[in-house]
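Secondary and tertiary structure notes
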Amino acid sequence: MFESTDFESLFKKFRNQKVLIIGDVMIDTYLWGSVGRVSPEAPVPIVSGVIEENRLGGAANVALNVKAMGAVPILCSVIGDDDRGKLFLELMGEQFLSDIGLVVDNHRVTTQKTRIISGNQHLLRVDEEMDLFLNKRVQDHFLELISSLLESGGIDAIIMQDYDKGVLTPRVISEVISASERVAVPVLVDPKFRSFELYRKVQLFKPNFKELAKGLDLDIKNHEIDRLAEAVKAFQEKQGIDTFLVTLSEQGVMASRDGELVHVPAMKREITDVSGAGDTVIALAALCLVAGLPPAELAAISNLAGGQVCEKAGVIPVNAEKLKEECIRHFLNP
């Protein structure tokens, strides 16, 4: 693996790609402060000196990771006609991301996850969201928009990033996959367990271990690779999935295609925060797939990228230059 890989050329290939990202978006809000005492009103910490920071999250973080690698992301999602929706658009503008694929629905609220953090300790998370499926009118508009973006050409891959907030309805999933077949564009999926059965004949399916265990109703541990492989192979064949990629936390990642299984162990790191790592993995998997990498190399690079972002607090995108250096050091000069 990687014996003759030219990582300089590979990372240049990434820059020529255009990726359509469809899914649930959100604002990740961080309240950074310090804890010096316990409240006299209840046995809870008092956080003081708070600094607030807002970041793009969910499928928008996938778009940031694609952009960070030099490729062109087009984000397709639905936000609310509310103050958080306006803030989301402002954050998109600050990151120079196009809003051409966004639909504003005055019957929905824009998802916001607020995390309270002291040092690197995560104290509390408050979610404000709506997880009902899009209504028919909004689905009609959303699908027309996606169809026009696909038919305009130039799209190299589609990522469906499912956070189970209602954007990826059964109809949206089905029609996007059908449209992708008409224009011969590969579909990669980061699923939630509720919709596992809906994703058929996609090029890459990337659940994390927790979602896989829920989705397939498995009583299994993430280190039981042989048992895991059996379950993955059966589901993969049933659903007509080309490549199956499972992230296994400290156990690394497993990839399966054409009956061949590859297990890539995790690299040792100082883990600070795992949030957003899945967004990074699916973004790199898409770029690697379009670049023509085999499953073992795709899995290894995606796994390395996901590990990199876990070293920092909060949801952040991958650093392309650092990732390239790590690939050369880890794979060519071990």
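Please refer to the structure higher up on the page.
We now examine the overall build of the chain. Helices and strands together make up the secondary structure of the chain, namely 10 helices and 13 strands. Its C-alpha radius of gyration of 20 Å places the chain within 12% of the 20 Å reference for a compact globule of 334 residues. Its C-alpha atoms give the chain principal-axis dimensions of about 60 × 50 × 40 Å. A total accessible area of about 15200 Å² is found for the chain, and carbon and sulfur atoms account for 49% of it. Each charge class in the chain was averaged separately, 36 positive and 48 negative side chains, and the resulting centres sit 0 Å apart.

Looking now at empty space enclosed by the protein. For the structure on display, the rule yields one cavity of 30 Å³ or more. The computed volume of the largest cavity comes to approximately 80 Å³. Lining the largest cavity are Asp24, Val25, Ser77, Val78, Ile79, Arg108, Val109, Thr110, Thr111, Met130, Lys165 and Val167. In terms of residue count, strand 4 (residues 72–80) provides more of the lining of the largest cavity than any other element does, three residues in total.

Two orientations exist for strands paired in a sheet by backbone hydrogen bonds: parallel and antiparallel. The mixed open sheet is built from nine strands, whose spatial order is 5-4-1-8-9-10-11-12-13. Looking at which strands have only one partner, the edges of the open sheet turn out to be strand 5 (101–105) and strand 13 (260–264). Sheet contacts for helix 5 (residues 170–183): strand 1 (18–23), strand 8 (157–161) and strand 9 (187–190); angle to strand 8, the most-contacted strand, approximately 170°. Lying over the sheet, helix 7 (residues 225–239) contacts strand 10 (204–205), strand 11 (243–247), strand 12 (253–257) and strand 13, oriented at roughly 40° with respect to strand 12.

Volume-wise, the largest pocket comes out at about 1300 Å³. Contributing to the lining of the largest pocket are 50 residues, with Asn208, Val274, Ser275, Ala277 and Gly278 lying nearest its centre. Elements with a minimum of two residues in the lining of the largest pocket: strand 2 (25–38), strand 3 (45–58), strand 6 (112–118), strand 7 (121–128), helix 6 (209–215), helix 8 (277–290) and helix 9 (295–309). In terms of residue class, the lining of the largest pocket is built from 15 nonpolar, 14 polar and 21 charged.

Two faces, one strand: in a regular strand the side chains alternate between the faces of the sheet. Counting buried positions over the five residues of strand 8 gives five, a clear majority of the element. Because side chains alternate across strand 8, one face comprises the buried residues Ala157, Ile159 and Gln161, and the other comprises Ile158 and Met160, equally buried. Pairing of strand 1 with strand 8 involves five bridges; the strand directions are parallel. Each residue of the ladder has a partner; that of Leu20, found in strand 8, is Ile158.

Counting through the fold element by element, Ile100 comes out in the loop between helix 3 (83–94) and strand 5. By relative accessible area, Ile100 is classed as partly exposed at 48%. Sequence separation of Ile100 and Leu149 is 49 residues, and the distance between their C-alpha atoms is 9.1 Å. When near neighbours in sequence (up to four residues on either side) are disregarded, Ile100 contacts Ile74, Leu145 and Leu149.

Turning next to the nonpolar core. Counting residues in each nonpolar core, the largest one holds 56 residues, and the members touching the most others are Leu75 and Phe88. When residues in this core are grouped by element, the largest group, nine residues, is from helix 8. Leaving out residues up to four positions away in the same chain, Leu75 has contacts with Ile21, Val25, Ala59, Ala60, Ala63, Phe88, Met92, Gly101 and Leu102. In this structure, Cys76, Tyr199, Leu212 and Ala231 belong to the second largest nonpolar core, which totals 46 residues.

Under the defined criterion, the tally for this structure stands at 18 salt bridges. As a salt-bridge pair, Asp105 and Arg137 come within 3.6 Å of each other at their nearest N and O atoms. Taken together, the positions of Asp105 in strand 5 and Arg137 in helix 4 (residues 136–151) put the pair 32 residues apart, joining distant regions of the chain. Of the residues examined, Asp105 reaches a relative accessible area of 3% and is grouped as buried. Across the pair Asp242 and Arg257 runs a salt bridge whose closest N-O atoms are separated by 3.8 Å.

Inspection of the secondary structure puts Gln236 in helix 7. Ignoring sequence-local partners within four residues, the contact set of Gln236 consists of Ile241, Asp242, Thr243, Phe244, Ser256 and Arg257.

This brings us to the environment of Glu175. Within the secondary structure, Glu175 sits in helix 5. Placed 28 residues apart in sequence, Glu175 and Ser147 show a C-alpha to C-alpha distance of 9.2 Å.

You can see Asp82 is positioned in the loop between strand 4 and helix 3. Buried charge Asp82 goes without a salt bridge, the closest partner of opposite sign being Arg84 at 4.8 Å. Polar side-chain contacts of Asp82 include one of 2.8 Å to the side chain of Thr110.

On to the sheet that holds strand 3, then. On the basis of which strands lie adjacent, the open sheet formed by four strands has the order 3-2-6-7 and mixed pairing. Because the sheet does not close on itself, it has two edges, and the strands there are strand 3 and strand 7. This sheet shows a mean twist of 20° between the axes of neighbouring strands, independent of strand direction. Alignment of strand 2 against strand 3, held across 12 bridges, turns out to be antiparallel. The partner of Leu31 across the bridge, within strand 3, is Glu52. Relative to strand 3, helix 2 (residues 59–68) is tilted by about 70°, and along the sheet it contacts strand 2 and strand 3.

Thresholds, definitions, all that
Residues numbered from 1 in each chain as written. Predicted model: local features only at pLDDT ≥ 70, side-chain atom pairs only at ≥ 80, totals over all residues. Heavy atoms only, no water. Helix = DSSP H or I, 4+ residues; strand = E, 2+ residues; numbered from the N terminus. Rg over C-alpha atoms; globule rule 2.2 N^0.38 Å. Areas by Shrake-Rupley, 256 points an atom, 1.4 Å probe, with all protein chains shown as cover. Lys, Arg positive; Asp, Glu negative; His and termini not counted. Charge placed at Lys NZ, Arg CZ, Asp CG, Glu CD. 1 Å grid on protein atoms, 1.4 Å probe; cavity = no way out; pocket = protein on both sides within 12 Å on 5 of 7 lines; lining within 4 Å. Points joined across faces, edges and corners; volume = space filled by probe spheres on them. Pairing = 2+ DSSP bridges. Contact = heavy atoms within 4.5 Å. Axes fitted to C-alpha atoms, helices over the stretch in contact; angles between N-to-C directions. Nonpolar A, V, L, I, M, F, W, Y, C, P; charged D, E, K, R; others polar. Buried < 20%, exposed > 50% of the residue type's maximum accessible area, 1.4 Å probe, protein only. Core = buried A, V, L, I, M, F, W, Y, C linked by side-chain atoms within 4.5 Å. Salt bridge = Lys/Arg side-chain N within 4 Å of Asp/Glu carboxyl O. Polar contact = N/O pair within 3.5 Å; in protein donor to acceptor, adjacent residues only side chain to side chain.

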